[in-house]
Amino acid sequence: MTTTINYDQRLNPLDIRQGLAISQERMSTLLKVSTKTVTRWEKGERRPSDQDTLSRLAKLKEIKELGLMIYTPEGLKEFLNTPLPVFNGRCALELLQLGEYETIISALAADFEGTGF
């Protein structure tokens, strides 16, 4: 079953990007859009409308919100950028680039429950 995601659900690209402490370039890579597109969204000139992009944006928002429940903003930045054994020596941002959102969400959930690394 395909879930339709509306922009009205407060998928604010600027808020998500800043919460993850990533650049517009990194955000564009993760969302598979141009940096110029991310800039336009953040300036309010356009809105994300493609369902695949909205889905990826929703997953990034979930990661940001869960990560900030567990870590400080600096701690979340470290989590995203540090190669970890649970990710086979890769960092979370590398996995996000490969579209492995659920792997990151699972690791954050384990950390939240106190069973993570």
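So, how was this worked out
- Residues numbered from 1 in each chain as written.
- Predicted model: local features only at pLDDT ≥ 70, side-chain atom pairs only at ≥ 80, totals over all residues.
- Heavy atoms only, no water.
- Helix = DSSP H or I, 4+ residues; strand = E, 2+ residues; numbered from the N terminus.
- Buried < 20%, exposed > 50% of the residue type's maximum accessible area, 1.4 Å probe, protein only.
- Contact = heavy atoms within 4.5 Å.
- Axes fitted to C-alpha atoms, helices over the stretch in contact; angles between N-to-C directions.
- Parallel < 35°, antiparallel > 145°, perpendicular 65-115°, else oblique.
- Left-handed = near helix turned anticlockwise from the far one by under 90°.

Looking at an unreviewed UniProt entry, one finds the protein chain named Helix-turn-helix domain-containing protein and attributed to Gloeocapsopsis crepidinum LEGE 06123.

Student: Help me out: how do you make sense of the environment of Leu31 in this one?
Tutor: Looking at the element boundaries, Leu31 is found in helix 2 (residues 24–31). A relative accessible area of 0% means that Leu31 is categorised as buried. For the pair Leu31 and Gly99, spaced 68 residues apart in sequence, the C-alpha to C-alpha distance is 9.3 Å. Residues in contact with Leu31, not counting those within four places in the same chain, are Trp41, Thr53, Arg56, Leu57 and Leu60.

Student: Hey, could you run me through the side chain of Thr53 in this one?
Tutor: In this fold, Thr53 is placed in helix 4 (residues 51–70). The residues contacting Thr53, other than those within four sequence positions of it, are Leu31, Val33, Trp41 and Pro48.

Student: Honestly, the packing of helix 1 (residues 13–20) against helix 4 in this entry has me stumped. Any pointers?
Tutor: A pair of packed helices is characterised by two quantities: the angle between their axes and the separation of those axes. Packing of helix 1 against helix 4 brings their axes to within 9 Å, and their N-to-C directions diverge by 45°. Taken together, the axis directions place helix 1 and helix 4 in an arrangement best described as oblique. Crossing of helix 1 against helix 4: the hand is left-handed. The residues of helix 4 that touch helix 1, namely those facing Pro13, Asp15, Ile16, Gly19 and Leu20, are Leu57, Leu60, Lys61, Ile63, Lys64 and Leu68.

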